[in-house]
Amino acid sequence: MSRENVNVKAGNLKREEFQKYLARTGVTEMLTDLLISLYKKDERPDDVFDYVRKYLSNYRKDDKNFNIDSLKKELIDAKSRVKDLKKKINKLENKDSMINQPNKSNVPKSASK
């Protein structure tokens with residue numbers, strides 16, 4: 001086998017592996033669906049990139065992990081929870097410092113002499 005044939009076979013193998021990867025992860029199906037939806041449109045969008053962006057952002061709307069609106073809401077909820085927890089921590093730290101702060105009335109008289 002010539003060196004050229006080996007390089008061609010290696011390139012084909014790499015391409016086939018990549019195609020399998022795209023098919024396995026659903027990218028091939030998604031892009032096919034995108035192109036079909038664009039083809040079926042009666043009126044072609046002026047901004048194709050915007051159409052693609054919107055299509056891809058809505059493609060897996062049923063999947064919570066890919067729903068942008070759901071992720072935004074989850075982020076807002078998490079930030080709110082963090083804020084509440086920080087308030088609780090501050091209250092507990094203040095309470096703790098007041099309890100552990102030496103108080104003249106708590107010091108025994110024999111210790112103050």
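Here the structure is shown first, and the text comes after it.
Attention in this report is confined to the structure presented alongside it. (Residues numbered from 1 in each chain as written. Predicted model: local features only at pLDDT ≥ 70, side-chain atom pairs only at ≥ 80, totals over all residues. Heavy atoms only, no water.)

## Observations concerning the packing of aromatic side chains
Next up, step 1: Tallied over the full model, the rule gives two aromatic pairs.
Next up, step 2: Where Phe18 meets Tyr21, the ring centres are 6.1 Å apart and the plane angle is 35 degrees; that geometry is what we call tilted. Placement of both Phe18 and Tyr21 in helix α1 (residues 3–25) is noted, with a separation of three residues, approximately one turn of the helix.
Next up, step 3: Looking at Phe18, the relative accessible area reads 48%, which means it is partly exposed.
Next up, step 4: Exposure remark for Tyr21: the relative accessible area of 39% places this residue in the partly exposed category. (Phe/Tyr/Trp six-rings, centres within 6.5 Å; stacked < 30°, edge-to-face > 60°. Helix = DSSP H or I, 4+ residues; strand = E, 2+ residues; numbered from the N terminus. Buried < 20%, exposed > 50% of the residue type's maximum accessible area, 1.4 Å probe, protein only.)

## So, a positive patch on the surface
Next up, step 1: Together, Arg81, Lys83, Lys87, Lys88 and Lys91 make up a region of like positive charge exposed at the surface.
Next up, step 2: Topologically, Lys91 is positioned in helix α4 (residues 68–100).
Next up, step 3: Given a relative accessible area of 63%, Lys91 falls into the exposed group. (Patch = residues over 30% accessible without salt bridge, like charges linked within 9 Å, V, L, I, M, F, W, Y side chains within 5 Å. Areas by Shrake-Rupley, 256 points an atom, 1.4 Å probe, with all protein chains shown as cover. Salt bridge = Lys/Arg side-chain N within 4 Å of Asp/Glu carboxyl O. Lys, Arg positive; Asp, Glu negative; His and termini not counted. Charge placed at Lys NZ, Arg CZ, Asp CG, Glu CD.)

## Notes on the pattern of salt bridges
Close approach of charged atoms allows side chains with opposite charge to pair.
Next up, step 1: Under the counting rule described, the total for this entry stands at four salt bridges.
Next up, step 2: Lys54 is the partner of Asp50 in a salt bridge, and the nearest nitrogen-oxygen pair spans 3.3 Å. Of this pair, Asp50 and Lys54 both sit in helix α3 (residues 48–59), four residues apart, which is roughly one turn of the helix.
Next up, step 3: The partly exposed category is assigned to Lys54, whose relative accessible area is 49%.
Next up, step 4: Linked by salt bridges that have partners in common, Asp50, Arg53 and Lys54 make up one network.

## Considerations on a negative patch on the surface
Next up, step 1: Together, Asp42, Glu43, Asp46 and Asp47 give the surface a local cluster of negative charge.
Next up, step 2: Considering the arrangement of structural elements, one finds Asp42 in the loop between α2 (27–40) and α3.
Next up, step 3: For Asp42, a relative accessible area of 84% gives the class exposed.

## Examining α3
Next up, step 1: Between its first and last C-alpha, α3 extends 16 Å over twelve residues, near the 16 Å set by a 1.5 Å rise per residue.
Next up, step 2: The opening residue of α3 is Asp47, an N-cap whose side-chain oxygen sits 3.2 Å from the backbone nitrogen of Phe49. (Expected span 1.5 Å × (residues − 1). Polar contact = N/O pair within 3.5 Å; in protein donor to acceptor, adjacent residues only side chain to side chain.)

## Comments concerning α2
Next up, step 1: In a regular helix each residue adds 1.5 Å, so 14 residues correspond to 20 Å; α2 covers 20 Å between its end C-alpha atoms and thus fits that length.
Next up, step 2: Considered for burial, the residues of α2 that qualify are Met30, Leu34 and Leu38. Taken down its axis, α2 places every buried residue within 70 degrees of arc, on the same side. Among the exposed residues of α2, those oriented more than 90 degrees off its buried face are Glu29, Leu35, Tyr39 and Lys40. (Arc of directions from axis to C-beta.)

## Structural notes on the environment of Leu31
Next up, step 1: Tracing the chain through its elements places Leu31 in helix α2.
Next up, step 2: Since its relative accessible area comes to 39%, Leu31 is described here as partly exposed.
Next up, step 3: Remark: the alpha-carbon pair of Leu31 and Leu56, spanning 25 residues in sequence, is separated by 8.9 Å.

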